[in-house]
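Secondary and tertiary structure notes
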Amino acid sequence: MQIKHFEPGEVVFETDSPSDCAYIVEEGKFEVSKALNGKKMVIGILSEKDIFGEMGLIDGQPRSATITALEKSTVSVITQECFNSIERTNPEALVPLLRVLSARIRSSYKLEI
Amino acid sequence: MDDNLTTFYKGEIIFLEGQSSKCAYIIDSGRVGIYREDSFGNRSLVRTLEKNDIFGEMGLIDKYPRSATVIALQDTRCMVIERSRFDYLKKFNPHFVASLIKSLTEKLRATITRLNKTDRESKSTQEEKTVLPGFFKNKGE
């Protein structure tokens, strides 16, 4: 897996930009934000072992949020080829992703009530 | 697999929001409605599912109670996937995990779209929605 480094304030990707990979935080912290009604809204903080960008990797749709490094950070990049090869050779390794998605769906449901 | 088929009649409740989760279902024929309740207990239809769609899988993944109520909208035949079968498929069927990931992502996109819409429509409640607690707090392990 490719490794990428980010400086504080550096943007990994922006809302609505095209998606082609996911990331796992190896070190550091990232902020997840969205612009709603012209205002920046912080919707979460990511730290070590968190995964982000997986939705775009899976369905190819544009990014649903903006990710910005809050400190000096390192990530592993999961490309489409890498994801496909895990899917083929070791599908069970993707089970944690099911849990992440499931947890995110449940938290988003809570916001709807 | 045929012995795991079960039929729900039109109007029948398949499971209720808040109940404990024991199995998932794949629709073989028919149609079901996914309903969620607001804080006043009003039930509203979120989406409908048809042949080959899966539901109830989140409870098997994270073992939490049902996040929605599912009602048969017409006579519906479903394949029941018990936990043991679910664990087996996860391990030995490469397409199973991938299709689950896809269907969960679809579900999440749909919810995010609904949330964005609500936010645009009700600026007055925007303040309360500035922070989505725990939304991105889920460790991938």
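Please refer to the structure higher up on the page.
Quick look at the structure, then.

Scoring rules and cut-offs
Residues numbered from 1 in each chain as written. Chains lettered and ligands numbered in written order. Predicted model: local features only at pLDDT ≥ 70, side-chain atom pairs only at ≥ 80, totals over all residues. Heavy atoms only, no water. Patch = residues over 30% accessible without salt bridge, like charges linked within 9 Å, V, L, I, M, F, W, Y side chains within 5 Å. Areas by Shrake-Rupley, 256 points an atom, 1.4 Å probe, with all protein chains shown as cover. Salt bridge = Lys/Arg side-chain N within 4 Å of Asp/Glu carboxyl O. Lys, Arg positive; Asp, Glu negative; His and termini not counted. Charge placed at Lys NZ, Arg CZ, Asp CG, Glu CD. Helix = DSSP H or I, 4+ residues; strand = E, 2+ residues; numbered from the N terminus. Buried < 20%, exposed > 50% of the residue type's maximum accessible area, 1.4 Å probe, protein only. 1 Å grid on protein atoms, 1.4 Å probe; cavity = no way out; pocket = protein on both sides within 12 Å on 5 of 7 lines; lining within 4 Å. Points joined across faces, edges and corners; volume = space filled by probe spheres on them. Nonpolar A, V, L, I, M, F, W, Y, C, P; charged D, E, K, R; others polar. Pairing = 2+ DSSP bridges. Core = buried A, V, L, I, M, F, W, Y, C linked by side-chain atoms within 4.5 Å. Contact = heavy atoms within 4.5 Å.

To continue, consider a negative patch on the surface. Residues and elements named next belong to chain A. Residues Glu26, Glu27, Glu48 and Glu71 make up a contiguous surface patch of negative charge. By the secondary structure assignment, Glu71 is in the loop between strand E7 (66-69) and strand E8 (73-79). Assessed through its relative accessible area of 36%, Glu71 is described here as partly exposed.

Excluding glycine, residues mostly have negative phi values, and the peptide bonds linking residues are mostly trans. Unlike most non-glycine residues, Lys49(A) shows phi in positive territory, near 80°. The residue Lys49(A) is located in the loop between strand E5 (39-46) and strand E6 (51-52) in this model.

Of the voids in this model, the largest pocket is the one considered here, and its volume is about 580 Å³. In this structure, the largest pocket is lined by 35 residues; those nearest its centre are Asp53(B), Ile54(B), Phe55(B), Glu57(B) and Ser103(B). Those elements that provide at least two residues to the lining of the largest pocket are helix H3 (95-112) of chain A together with strand E4 (32-37), strand E5 (43-49), strand E6 (54-55), helix H1 (57-62), strand E8 (76-82), helix H2 (83-92) and helix H3 (94-121) of chain B. Considering every element that reaches the lining of the largest pocket, the biggest residue donor is H3(B), with eight residues. For the lining of the largest pocket, a count of residues per class yields 17 nonpolar, eight polar and ten charged.

This next bit is on the sheet that holds E8(B). All names here are of chain B. Read from one edge of the open sheet, four strands run E1-E8-E3-E6, paired in antiparallel fashion. Each end of this open sheet is capped by a strand with a single partner; those strands are strand E1 (5-8) and E6. Sheet topology note: the E1/E8 ladder contains four bridges and is antiparallel. Following the sheet pairing, Thr6 is matched in E8 by Cys78.

Next up on the list: the pairing of E7(A). Residue and element names in this part refer to chain A. Burial along E7 is two-sided: the residues Thr66 and Thr68 and Ile67 and Ala69 are all buried. Pairing analysis gives two bridges linking strand E2 (residues 11-13) to E7, with the strands arranged antiparallel. In the strand pairing of E7, Phe13 is matched with Ile67. Of the pairings in the sheet, the one linking strand E4 (residues 30-36) to E7 comprises four bridges and is antiparallel in character. When the bridges of E7 are listed, Glu31 appears paired with Thr68.

Time to look at the nonpolar core. The biggest cluster of nonpolar side chains holds 31 residues, and the ones touching the most others in it are Phe83(A), Leu98(A), Leu101(A) and Ile101(B). Looking at this core, the elements with two or more residues in it are helix H1 (54-59), helix H2 (80-89) and H3 of chain A together with H1, H2 and H3 of chain B. In contact with Leu98(A), not counting residues within four places along its chain, are Ile61(B), Val97(B), Leu100(B), Ile101(B) and Leu104(B).

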